[in-house]
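Below, each chain spelled out in residue letters.
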Amino acid sequence: MSTYLLVHGAFHGGWVWQRVTPLLEDAGHRVFAPSLVGLGDRADQLTPEVGLDTHVEDLVDLLTFEDRTDVILVGHSYAGIVVTAVADAVPDRIAELVYIDTFVPRNGEAVADIMPGMVDAFTAAADAHGDGWRVPPQTEPMGDGGLYGVTEEPDLSWVASMQTAQSLATFQQRMLLTNPEALKAIPVTHVHCSEGGADFKAMRAAMPRTLPPADLPPERLHVLPTGHDCMITMPQELAGHLLALAPRPAPTAPA
């Protein structure tokens, strides 16, 4: 049995994994899919002080309390920076890092450094509608890409209704590594979502670095022909890639 820790992206919550979690559990694995502090079912915990470090410390506490090792740590979108920092904090507990349609941050970076245009828009939205710190979620479809690549009903309305606001600090706080060499030793896999509509592709193209990394070995890259929220639109295919990372039990010797 392996342990999966599934970490959702911005404005989402643990709810986004509900089609993937049973597929991993049915294969005999333990799965944690919590909402980050201030998001999803924990939206009542949102304050201006909730930042990247809040999310990282909360997940480190979860792994420590549950005493989990050999964890397959999965981060989607915004959570790319969260899972990197978690793996840096407790590298001895992490067997594999999986980045789903997201970036790998460098030491000292914030999301604002990686996606400056988007965070500028978040800042403007927080100033206009969130008392300067609370970023409202995108609830109107982005052209042909729908919401995060979710284009069909009833899923489109479901995603729009389930999103919650997020603290601007989570996008502005820098990630500061303490165990970079241990982090570098953890195997990394990327899942890239190749579709999502013209608007989303243009936003991706505006990022200062390629996504996924251009030097990634082919065996460490899986491409799903769907939009950003692949855990909603292609849950079985995503679960298949995640299950392939779990160690297989050694064959039993004949009696």
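Right, let's walk through the structure included here. Sequence order as written defines residue numbering, which begins from 1 separately in each chain. Selection of residues for local features in this predicted model requires a pLDDT of at least 70, selection of side-chain atom pairs for listing and counting requires 80 or more, and totals for whole chains, interfaces and linings are taken over all residues. The side-chain numbers reported here are obtained from all heavy atoms of the structure, hydrogens and water having been left aside.

### Examining the pattern of salt bridges
When a carboxyl oxygen of Asp or Glu lies within 4 Å of a side-chain nitrogen of Lys or Arg, that pair is called a salt bridge. Per the stated rule, a full pass over the model turns up seven salt bridges. With a closest N to O distance of 3.3 Å, D67 and R93 form a salt bridge. Of this pair, D67 sits in the loop between α2 (52-66) and β3 (71-76) while R93 sits in the loop between α3 (79-89) and β4 (94-100), and the two are 26 residues apart along the sequence. The rule is simple: take the accessible area with a 1.4 Å probe, protein chains only, and divide by the maximum for that residue type; under 20% is buried, over 50% is exposed, in between is partly exposed. On the basis of relative accessibility, which here comes to 13%, the residue R93 falls in the buried class. Here R174 makes a salt bridge to D113, at a shortest N to O gap of 2.4 Å. Residue R174 is located in the loop between α7 (169-172) and α8 (180-184), and its partner D113 is located in helix α4 (residues 111-114); the two are separated by 61 residues in the primary sequence. What makes D113 partly exposed here is its relative accessible area of 33%. Comment: elements are numbered from the N terminus, with helices defined as DSSP H or I runs of at least four residues and strands as E runs of at least two.

### Let's talk about the pairing of β4
For β4, the tally of buried residues reaches six of seven residues, placing the bulk of the element in the interior. Across six bridges, the pairing between β3 and β4 is parallel. Directly across from I72, in β4, lies its bridge partner E96. Assignment of crossover handedness uses the view with strands pointing away from the viewer, where a clockwise path from the first strand over the helix to the second indicates a right-handed crossover. Viewed along the sheet, the connection from β3 through α3 into β4 turns out right-handed. Two elements, β4 and strand β7 (residues 188-193), share four bridges in a ladder whose sense is parallel. Residue pairing in the sheet places I100 in a bridge with V191 of β7. For two strands to count as paired, DSSP must find a minimum of two bridges between them.

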